[in-house]
Each structure stands twice: as C-alpha cells, then as structure tokens.
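Breakdown of the fold
Chain by chain, the residues:
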Amino acid sequence: MKRYISIFLVLCVCSVAIYAADTRTWNEGALKWSDFRGTPGIFSSSPTFRGYIEIEPTDTIVDGVHKVKLESVAKMDRNLSYAPIEAQTPELLNIFQGEFNLLESYRRDLQRELNNGLSGNAAQKRVEYYNSLFREKVQNMYDATDYGNNNEKVNKWLSEVEHRLYNQDLPTHTYVNPSNFTYGLYVGTGLNATTGTLHHSFSNSWAFSAGVLLGYRRLKIKADLTYAQPKVTNMNIMDVSEQETSDIYSSYIAISPSLGFTVFESDKLSITPFVGCAWSRYGWNVANYTYTENSDTGELERVIDYYSSPSLSNFNWYASIDFEYRFKKIYSQNTGTLKGERERIIYTVRLSPYILRGVYTKAIPTLSGYQVGFTASIAFVANTLGF
C-alpha cells in the first residue's frame, strides 16, 4: 500500500514538468531561417510558418499593489515551422515575414480591445477569432498568388500588410486585479510519531495525507486527511480477557480542519501557523479465544472463537505551521471557471510540522499523549485573474 501511494506522489510531482514549446515573439526581430526548426510532416514536406496569438498574464507590482499585466503576444512556434534547405530563399523568407507581420497587426487589434475592458469568455473568443482570421487571410494569399509563385501579387500583398501594420498605433498593456480568494489541493507524506502512554500501544509510523485549501488574502483554511499504519505494540489494548491482537499493523485515520494566518509572505516564500481541531481513530483486528476440552486428553485447549475489530477515537485540538516555497506559476490560456475567467495556478512545496493531542478513554487504561511529526507535500493553489 505504501509503495503504491509513493508512486502516486512521484507521478504528481512529475506532472509539474509541463512541456514548454520552442517559441519566439514578433518583437524579437526579423525572421531567420534558423527559426525554422520543425521536421517535415508525414503527408507533406511543404515549407510552413506556424504562428498564433495568445494572451500572456504576468505578475507585477503597481504603486505597491499586486496586479496582473495583460499583454497579447504574436508568437512563432519554431518546432512546427519548417523549410527544407532547397526552399530557403530570400523571397520565401519575405513571405513568412509578411505572415508574421499580419499576425502582429491582429495582435495589436486584440490588445486595444483588452485595454478597453475585454475579458472572460469574450476575450477567449476574440483570441480564437483573430487566430482563425489570420489563417484564413494567409490561405487567401496563397490561393491568389499561386502559392507564392506570382511575384507581382506577392509583393502587392506584402505591401498591404506592411501598410496595415505600420499605420497602427502600438497599444500599451493593461492591468487587472486578481481575486483575493484562493483554492487548492495538496498531497504529501511524512512522519507520525506518538508520545506518552499512546506510544506504549502504537508505534511511530509513516503517514500519507491529502487535503483542500481555501484562502482570502492572508487568512487560510485547510482540511487534512491523514492515513497511517502504525504497529500495535500492546497485545491487549482494551484489557479484555481471552483477547489478543491478531495483526501486527493497525489503521490510523485523522481528519483535521484548521484556520491559519500568513505571518510572512514574499514572492517565493510564506509561513502560515494553523490551529484547529482533529478527529482521530485507531482500528485493529483481534482474535477472541475460548477454551474447549480435548476429547482425547481431557485437557482444556485455547482456540480462536471469532475475530473482531475494536477501535479508539478522539476529538481534540491540532496545530501546525506551513513553510511554503513557490517554485512555479502558470496561467491558463482558456477560461475555466463559472465566471468565465482565467486562473493562475501556483505550484508549491510545503514542510508542515504538526502536533495533535490524543486521549483515548475506551482503552484500559486510558491512552493519552501527542501525535507529532511533519508532512512534506506538493500543493496546487489557484485564483482567478479577473479576466
């Protein structure tokens, strides 16, 4: 069981390694043949320029206030753009530069709309519209110029594109205020140690946890679900005659909602103490014995009559501190919330030492002590960007 959960956690960490396309923007200067790094397609080896428009949000501070800068960008995907050596002529490169110039002109149209308040699903639809319009206009050009072989028509098209581009004002970017509400999930693993008389019956163990996060500015709420399999070190926890523990491992579950406040926060690091309550439960299997007379010897023999599964539960206080390191941010390109807004997702690793009070009165004698330990986890925390 522990091995499978560990594999799951490794897969979660590996999912963070998100593919990054090899791209360049129009602002990086004129196209070069070295930008065309793709490979020929299965059914076609024709030269191809592959470009698109997207909206790039970036975190920034404006007059001491955290904001998200919105900027539309015209990009070339180098890995999907291809030209064989024999086709790499100055004339063809000029055509591809004209395509990139056309894309940049549509990018400026989109930016002006963003600056005028375009947001949400409407912004996504305009991104799709301009990308579709770009592909349509490029295809119309190839149809009208015999796929670039009519130099007169090609030059006329290039001139029209250049005129359209350089007669446009260069729009600035705009800013939006991201939501103060955050939400997320986390999974982790760590040590769960027992103290006091509790340690006389249940050993230290390795625990696995998962939970949800909610927050508003510096105020945080989290709810942990923890599972472990500590060894049972007391063969008769309930002090029942003719009863003994039949399995070496028990099952431990704890559910702990808590409230926290971030006392330190920077772009990469944060520290958040939490206090709350916890319901915890130990369960294990026991064998119940009885005595029967041996028909041959007349002696009494102890035999197992039946198995049962006693348990101990407790509701008590809980405290922890989250030390968090934020190592990656991504911004969704598509609207995915009920309000039709994009999200910023922050990937973090957290180290969370904790303490949980436990008093289990059903045991004889009563078991009491603390469960202390730490959890190392990976968390995915998101908030909407307001557009």
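Up top you'll find the structure we're talking about.
Things to note about the sheet that holds strand β12 (residues 286–293)
Backbone-to-backbone hydrogen bonds pair the strands of a sheet. The strands run either parallel or antiparallel. Across the sheet, three strands lie side by side as β8-β12-β13; this open sheet has antiparallel pairing. Single-partner strands in this sheet number two, and they are β8 (243–245) and β13 (300–308). With strand direction ignored, the average angle separating the axes of adjacent strands in the sheet is 35°. Sheet topology places β8 next to β12; three bridges connect them, and they run antiparallel. Across the sheet, the residue bridging to E244 is A287, located in β12.

With respect to the pattern of salt bridges
Applying the stated criterion to the full structure yields 19 salt bridges. For K329, the salt bridge is made with D267, and the minimal N-O distance between the two is 3.1 Å. In this pair, K329 sits in strand β14 (residues 311–331) while D267 sits in the loop between β10 (264–265) and β11 (269–283), placing the two residues 62 residues apart along the sequence.

A word on unusual backbone geometry
With omega at -5°, the peptide bond leading from I364 into P365 counts as cis. One non-glycine residue, Y147, lies in positive phi territory at about 55°. As for its position among the elements, Y147 is in the loop between α3 (120–144) and α4 (151–166). Under the relative-accessibility criterion, Y147 is labelled exposed at 56%. Phi is positive for D239, which is not a glycine, with a value near 55°. Inspection of the secondary structure assignment puts D239 in the loop between β7 (219–228) and β8.

Structural notes on the environment of S270
Assignment of secondary structure puts S270 in strand β11. Relative accessible area serves as the criterion here: at 4%, S270 is assigned to the buried category. When the C-alpha positions of S270 and P47 are compared, they lie 50 Å apart, and in sequence the two are 223 residues distant. In this structure S270 touches T262, F264, E265, D322, F323, E324 and R326, once residues within four positions along its chain are discounted.

Section: a nonpolar patch on the surface
Together, F181, L214, Y216, L219, I221, L259, F261, V263, F264, L269, Y325 and V349 give the surface a local cluster of nonpolar side chains, amounting to about 1100 Å² of exposed area. Elements supplying a minimum of two residues to the nonpolar patch: β6 (205–216), β7 and β9 (251–261). On the basis of relative accessibility, which here comes to 40%, the residue L269 falls in the partly exposed class.

Quick word on the packing of helix α2 (residues 90–115) against α3
Interaxial distance between α2 and α3 falls to 10 Å at its minimum, and their mutual angle equals 155°. Classed by the angle they form, the pair α2 and α3 counts as roughly antiparallel. Read as a crossing pair, α2 and α3 show a hand that is right-handed. Residues I95, F96, E99, L102, L103, Y106, D109, L110, E113 and L114 of α2 touch α3, and the partners they reach there are A123, R126, V127, Y130, N131, L133, F134, K137, V138, M141 and Y142. Here the contact of α2 with α3 is built from residues that sort into 15 nonpolar, one polar and five charged.

Regarding the packing of α2 against α4
At a minimum axis distance of 9 Å, the contact between α2 and α4 shows a crossing angle of 30°. With respect to α4, the axis of α2 lies roughly parallel. Like other packed secondary-structure pairs, α2 and α4 cross with a definite hand, here left-handed. Here N94, I95, G98, E99, N101, L102, E104, S105, Y106, R108 and D109 of α2 lie close against α4, whose contacting residues are V154, W157, L158, V161, R164 and L165.

Topic: the nonpolar core
Judged by nonpolar contacts, the single largest core of 41 residues is most densely connected at L31, F36, F49, I55, F96, F100 and L110. Of all the secondary structure elements, the ones that give two or more residues to this core are β2 (51–62), β3 (65–77), α2, α3 and α4. Listed in part, the 20 residues of the second largest apolar core include L198, M238, L312 and Y318.

Examining the packing of aromatic side chains
As enumerated under the stated definition, the model contains 18 aromatic pairs in all. With centroids separated by 3.9 Å and ring planes inclined at 15°, the aromatic side chains of F202 and Y282 adopt a geometry described as stacked. With a gap of 80 residues between them, F202 in the loop between β5 (181–194) and β6 and Y282 in strand β11 connect regions that are remote in the sequence. Judged by its relative accessible area of 0%, F202 is buried.

What counts and what doesn't
- Residues numbered from 1 in each chain as written.
- Predicted model: local features only at pLDDT ≥ 70, side-chain atom pairs only at ≥ 80, totals over all residues.
- Heavy atoms only, no water.
- Pairing = 2+ DSSP bridges.
- Helix = DSSP H or I, 4+ residues; strand = E, 2+ residues; numbered from the N terminus.
- Axes fitted to C-alpha atoms, helices over the stretch in contact; angles between N-to-C directions.
- Salt bridge = Lys/Arg side-chain N within 4 Å of Asp/Glu carboxyl O.
- Buried < 20%, exposed > 50% of the residue type's maximum accessible area, 1.4 Å probe, protein only.
- Contact = heavy atoms within 4.5 Å.
- Patch = residues over 30% accessible without salt bridge, like charges linked within 9 Å, V, L, I, M, F, W, Y side chains within 5 Å.
- Areas by Shrake-Rupley, 256 points an atom, 1.4 Å probe, with all protein chains shown as cover.
- Parallel < 35°, antiparallel > 145°, perpendicular 65-115°, else oblique.
- Left-handed = near helix turned anticlockwise from the far one by under 90°.
- Nonpolar A, V, L, I, M, F, W, Y, C, P; charged D, E, K, R; others polar.
- Core = buried A, V, L, I, M, F, W, Y, C linked by side-chain atoms within 4.5 Å.
- Phe/Tyr/Trp six-rings, centres within 6.5 Å; stacked < 30°, edge-to-face > 60°.

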